[in-house]
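Spelled out, the chains give:
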Amino acid sequence: MVQQSNKRFGWNRKLYKESSFYRCFGKRWIDFILSGIGIVVFAVPMLIIAVLIKLSDPGPVLFRQKRIGIHKKHFVLLKFRSMKMSTPHDVPTHQLKNPEQYLLNIGKILRKYSLDELPQLFNIFKGDMSIIGPRPALWNQTDLIKERDQYGANNVRPGLSGWAQINGRDELEIKEKARLDGEYIKRMSFFFDCKCFFKTIGKVLQHDGVVEGGTGKNNAEYRIGK
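Residues numbered from 1 in each chain as written. Predicted model: local features only at pLDDT ≥ 70, side-chain atom pairs only at ≥ 80, totals over all residues. Heavy atoms only, no water.

Please set out empty space enclosed by the protein residue by residue, giving values where relevant.
Any empty space left between atoms is shown by rolling a water-sized probe over those atoms. Per the counting criterion, the structure on display carries one cavity of 30 Å³ or more. Empty space within the largest cavity amounts to approximately 70 Å³. What lines the largest cavity is a set of 14 residues, and nearest its centre among them are Ile68, Arg148, Ala153, Asn154 and Pro158. When its residues are assigned to classes, the lining of the largest cavity shows nine nonpolar, two polar and three charged. (1 Å grid on protein atoms, 1.4 Å probe; cavity = no way out; pocket = protein on both sides within 12 Å on 5 of 7 lines; lining within 4 Å. Points joined across faces, edges and corners; volume = space filled by probe spheres on them. Nonpolar A, V, L, I, M, F, W, Y, C, P; charged D, E, K, R; others polar.)

Describe the pattern of salt bridges, with residues and values.
This structure, assessed with the given rule, holds eleven salt bridges. Between aspartate 57 and arginine 81 there is a salt bridge, with its nearest N and O atoms 2.7 Å apart. Here the residue aspartate 57 occupies a position in the loop between α3 (43-56) and β1 (62-68), and arginine 81 occupies one in the loop between β2 (74-80) and α4 (105-112), the gap between them amounting to 24 residues. The exposure class assigned to aspartate 57 is buried, which follows from its relative accessible area of 14%. A salt bridge links lysine 79 to glutamate 117; the nearest nitrogen and oxygen atoms lie 3.7 Å apart. In this pair, lysine 79 is assigned in strand β2 and glutamate 117 in the loop between α4 and α5 (120-126), connecting sequence segments 38 residues apart. Among the residues examined, glutamate 117 registers a relative accessible area of 8% and is labelled buried. What you see here is one network of salt bridges that share partners, running through Glu176, Arg179, Glu183 and Arg187. (Salt bridge = Lys/Arg side-chain N within 4 Å of Asp/Glu carboxyl O. Helix = DSSP H or I, 4+ residues; strand = E, 2+ residues; numbered from the N terminus. Buried < 20%, exposed > 50% of the residue type's maximum accessible area, 1.4 Å probe, protein only.)

Report on the nonpolar core, specifying residues and quantitative values.
In terms of nonpolar packing, the biggest core is built from 18 residues, with Trp163, Tyr184, Ile185 and Cys196 touching the most fellow members. In terms of residue count, helix α7 (residues 174-187) provides more of this core than any other element does, three residues in total. If you look at the next biggest cluster of nonpolar residues, it comprises twelve residues, including Ile53, Val61, Leu104 and Ile106. (Core = buried A, V, L, I, M, F, W, Y, C linked by side-chain atoms within 4.5 Å.)

Run through a nonpolar patch on the surface, naming residues and quoting values.
Together, Phe21, Phe25, Trp29, Phe32, Ile33, Leu34, Ile37, Val41, Phe42 and Phe125 make up an exposed nonpolar region whose accessible area comes to about 1000 Å². A per-element tally of the nonpolar patch places helix α2 (residues 21-41) first, with eight residues. For valine 41, the position within the fold is in helix α2. Judged by its relative accessible area of 55%, valine 41 falls in the exposed class. (Patch = residues over 30% accessible without salt bridge, like charges linked within 9 Å, V, L, I, M, F, W, Y side chains within 5 Å. Areas by Shrake-Rupley, 256 points an atom, 1.4 Å probe, with all protein chains shown as cover.)

Describe α4, and please don't skip the residues or the numbers.
Taken together, the buried positions of α4 are Ile106, Gly107, Leu110 and Arg111. Each buried residue of α4 lies within a common arc of 130 degrees when the element is viewed along its axis, so the set occupies one face. Packed against the buried residues of α4 are α3 and β2. Following α4 by one or two positions, serine 114 adopts a phi angle in the positive range, close to 60 degrees. (Arc of directions from axis to C-beta. Contact = heavy atoms within 4.5 Å.)

I'd like a description of the environment of arginine 157, backed by residues and values.
Along the chain, arginine 157 turns up in the loop between α6 (142-149) and β4 (159-161). Classification of arginine 157 by relative accessible area gives partly exposed; the value is 31%. Residues contacting arginine 157, with those up to four places away along its chain left out, are Arg28, Ile70, Gly127, Asp128, Met129, Ser130, Gly133 and Pro134. There is a polar contact of 2.8 Å between the side chain of arginine 157 and the backbone oxygen of glycine 127. (Polar contact = N/O pair within 3.5 Å; in protein donor to acceptor, adjacent residues only side chain to side chain.)

Describe in detail the pairing of β1, supporting the description with residues and values.
In summary, the side chains of a regular strand alternate between the two faces of the sheet. Note: β1 against β2, seven bridges, orientation antiparallel. Of the residues in β2, the one forming a bridge with lysine 66 is valine 76. What sits between the antiparallel neighbours β1 and β2 is a turn of five residues, in which histidine 71 has the positive phi angle 60 degrees. (Pairing = 2+ DSSP bridges.)

Tell me about the packing of aromatic side chains, and name the residues and values.
For the coordinates displayed, the defined rule picks out eight aromatic pairs. An angle of 80 degrees between the planes, with centres 6.1 Å apart, marks the rings of tyrosine 22 and phenylalanine 190 as edge-to-face. Of this pair, tyrosine 22 sits in helix α2 while phenylalanine 190 sits in helix α8 (residues 190-206), and the two are 168 residues apart along the sequence. The exposure class assigned to tyrosine 22 is buried, which follows from its relative accessible area of 13%. Residues phenylalanine 32 and phenylalanine 125 carry aromatic rings whose centres are separated by 4.6 Å and whose planes lie at 20 degrees to one another, so their mutual orientation is stacked. With phenylalanine 32 in helix α2 and phenylalanine 125 in helix α5, this pair connects stretches of sequence that are 93 residues apart. Here phenylalanine 32 falls in the partly exposed class, since its relative accessible area comes to 33%. Overall, the relative accessible area of 35% leaves phenylalanine 125 in the partly exposed class. Three or more aromatic residues joined by ring pairs make a cluster, and in this case those are Tyr22, Phe190 and Phe191. (Phe/Tyr/Trp six-rings, centres within 6.5 Å; stacked < 30°, edge-to-face > 60°.)

Pasting the structure below:
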């Protein structure tokens, strides 16, 4: 049993012992530079979005939520608020009863094109996140966190997008999502991150795999959240 376990997870130990320059340094520097450029480029669109949210519903423009970061440390993830102030906090969208009732009018557009994620450029710039990596789990998503532990996926910075995101996103069950996150860890490189980045752009434009209502739901469910 022990030998099987070592064989199964042996790549994980080797992965961190033989980390490449890109894994250790290059990835973080690229994240820092690109997120800084992104903040400047999207400054005006973000300002416009902020004004529209403020006009739609009283309350803060940004939605702050505790998420799991590298080595399972908590950090505060930033999003544009796409739901009303009356929405229950720290509850996954798929656990809400009739989640569409909480959505702002502008929120539908923000989520359809992932514009609500733009403030995470500041999370990336700060170092809480990476451009590409496993999507950060909610602090109380113990099932996903436990599954990711098997693949070492909690030991890297979470990403704005990732391999699981472009291979099913919300349509994926927890186990499959964690498996794909583990596959990303094994294949992580500059060229693989570029592949994920450009595929993400295509998915966003097509708004594929966004099953609004949560993980593992089919296309007939609500299409509201991530």
